[in-house]
Each structure stands twice: as structure tokens, then as C-alpha cells.
Amino acid sequence: MKYKRILLKLSGESLMGAQGYGIDENRLSEYADQIKEIAGLGVQIGIVIGGGNIFRGLSGSKKGFDRVKGDQMGMLATVINALALNSALVAVGVKSKVLTAIRMEPIGEFYSKDKAIESLNAGYVTIFAAGTGCPYFTTDTGSSLRGIEIEADAMFKGTRVDGIYTADPEKDPTATKYDDISYDEILRQNLKVMDLSATVMCRDNNLPIVVFNMDKVGNLKKVILGENIGTYVHP
Ligand code: UDP
């Protein structure tokens, strides 16, 4: 097995599935089943989940919300998704725990690196909720940060597309996929994979990223086993 410990980033937006808002139970249980499959391979799994299916600070501030309040609402949205995923995992028999970047016991224990490592070593799929705990960041930066902190072998970014493309494949039909690409090439071409700060953090701390389509059932296991179906981001 190539990977002993990973950070899996799940998009909140994907969680809404076909219904276009909130949490789609089918998508949620597909995610839980896919995660169960890789947990069964013995890989330690940390997860950061987004909140875009519920609230985003930036779109809130366009509607007149204070940006900091809006971001705090967004972080709470990630907590809602984290709890949903946690209960879906437990329902299929996977040990799972939620750690939060903002103190809010008993919803989850307050995050620390030591607690995270302890939980991962004890075999819990550990969900890191509330992003970084700070406004003006995203769950991409949150997952880069947590991935680096827990010393993950790689960050797996589950998306709705098959990997990194020369342009947005949902908008440009001529876009082609990269099998692999360097961090600097992403930055140079300004490719919208993750926000800049998240990409730079991964680059500066040598955390490889694998971008893949998480919405195709079975893909998570394939990428963990090293199948070349997504895009591998390297130095
Ligand atoms: N957010 C934040 N700090 C963080 C992580 C998230 O303020 O460290 C807020 C931000 O407002 C963001 C929202 O939470 O818009 C939801 O997260 P994100 O947009 O990353 O979710 P995704 O797009 O992955 O669904």
C-alpha cells in the first residue's frame, strides 16, 4: 500500500447531489461506502469537508452580510456536513470522530494535532470540521493545513470532475486533462484547482495532491491503490 495516512477533501457542493441544495442522502451514503472501502484497506483517513452546499461567506457578503459573520456561518455549515458524514459512517459500521477548529463541545472535540494523531492511530476516520476556524480562509486551505499537520502522505481532493484540466471542463468542451502537473505550473497558469494559498501551502510543505472525481462510485479506492485516474500534483 502506497499510502499509510491521507487527508481526504470532500466538497460540500457535491453533497447536495441532484437536488441542488442541502444534503442528498444517496450521495452521503455513497461517500460513506467509498470511505468504508478504503478504511478496510488499513489506510488512516482524515477528512475535511466543505460547506458550499449550505453557505459561503463570500456570497453572503455580496448579499450584505458582514464578511466575518458570513465566513463564520460558512464554517458552521462545514460542521453540519461533518456531523452528517460522521453519522453516515457510523451507520455503516465505520469508527469515526469529529474534531472542530472552533470550541463547541459536545458537537465535537476541540482540534489539536495530538488529538488528531491519537484518533487516527486508534483507527477512527477523523473529520476536521469548521475549516481553519478563521474567516477569509476556505476548506481548501483548511485541508492543506490539516494534511500538513497530520503528516499525511498525500491530500486527495474529491471533486465533480476527473482531475485538473487545461480549462474548466464544465464550461469548455475542448479542455484536456493533465495526468500530472507541478504546483508551479498550476500557479503559473492560474488553474482553478484550489485557492492560491492552499496550493502554495502544499507546495511549500511538500504535500502531494491527487485531484479525482469522487462522485463516481469506486474511484476513491482506485486512487488510493495508485490507479492513474485523476491528476497527480507534485513539486
Ligand atoms: N470558511 C472560512 N474559513 C475556513 C473554512 C471555511 O471562513 O477556514 C467559510 C467560508 O465562508 C467558505 C465557507 O466556510 O465560503 C464554506 O467553505 P468552502 O467554500 O470551502 O466549501 P466548499 O466550496 O468546499 O463547499
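Heads up: these notes are all about the structure in this document. (Residues numbered from 1 in each chain as written. Predicted model: local features only at pLDDT ≥ 70, side-chain atom pairs only at ≥ 80, totals over all residues. Heavy atoms only, no water.)

### Section: the packing of aromatic side chains
Turning to step 1, where the next piece is worked out: Taken as a whole, this structure holds 4 aromatic pairs when the rule is applied.
Turning to step 2, where the next piece is worked out: Ring centres 5.5 Å apart and planes at 80° place the aromatic pair Phe 55 and Phe 65 in the edge-to-face group. Here the residue Phe 55 occupies a position in the loop between β2 (44-49) and α3 (57-62), and Phe 65 occupies one in the loop between α3 and α4 (67-91), the gap between them amounting to 10 residues.
Turning to step 3, where the next piece is worked out: In this structure Phe 65 comes out as partly exposed when scored by relative accessible area, which is 38%.
Turning to step 4, where the next piece is worked out: Seen from their ring centres, Tyr 111 and Phe 128 are 5.5 Å apart, and the 90° between their planes marks the pair as edge-to-face. You can see Tyr 111 sitting in the loop between β4 (109-110) and α5 (113-121) and its partner Phe 128 sitting in strand β5 (residues 125-129), a full 17 residues away along the chain. (Phe/Tyr/Trp six-rings, centres within 6.5 Å; stacked < 30°, edge-to-face > 60°. Helix = DSSP H or I, 4+ residues; strand = E, 2+ residues; numbered from the N terminus. Buried < 20%, exposed > 50% of the residue type's maximum accessible area, 1.4 Å probe, protein only.)

### A closer look at the environment of Val 125
Turning to step 1, where the next piece is worked out: Here Val 125 lies in strand β5.
Turning to step 2, where the next piece is worked out: Using a relative accessible area of 3% as the deciding quantity, one classes Val 125 as buried.
Turning to step 3, where the next piece is worked out: For Val 125, the residues in contact, after removing those within four places along its chain, are Ile 35, Ala 39, Ile 45, Ile 47, Leu 89, Val 94, Lys 95, Ser 96 and Lys 97. (Contact = heavy atoms within 4.5 Å.)

### Brief notes about the site of the ligand
Turning to step 1, where the next piece is worked out: Taken together, 19 residues lie near the ligand, and Gly 52, Arg 56, Asp 71, Thr 132 and Thr 139 sit nearest.
Turning to step 2, where the next piece is worked out: At 2.7 Å, a backbone N or O of Gly 52 approaches an oxygen atom of the ligand.
Turning to step 3, where the next piece is worked out: Between Met 75 and the ligand, the recorded distance is 3.4 Å, taken from a backbone N or O atom to an oxygen atom.
Turning to step 4, where the next piece is worked out: In the complex, the protein chains occlude 92% of the 520 Å² of accessible area that the ligand would expose alone. (Near = heavy atom within 4 Å. Polar contact = N/O pair within 3.5 Å; in protein donor to acceptor, adjacent residues only side chain to side chain. Areas by Shrake-Rupley, 256 points an atom, 1.4 Å probe, with all protein chains shown as cover.)

### Quick look at the pairing of strand β8 (residues 209-213)
Turning to step 1, where the next piece is worked out: Judged by how many residues are buried, β8 sits mostly within the fold: 5 of 5 residues are covered.
Turning to step 2, where the next piece is worked out: Covered by surrounding structure in β8 are Ile 209, Val 211 and Asn 213 together with Val 210 and Phe 212, the residues of both alternating faces.
Turning to step 3, where the next piece is worked out: As paired elements, strand β6 (residues 154-159) and β8 share 5 bridges and run parallel to each other. What sits directly across from Phe 156, in β8, is Val 210.
Turning to step 4, where the next piece is worked out: Note: β8 against strand β9 (residues 231-234), 3 bridges, orientation antiparallel. Along β9, the bridge assignment pairs Val 211 with Thr 231. (Pairing = 2+ DSSP bridges.)

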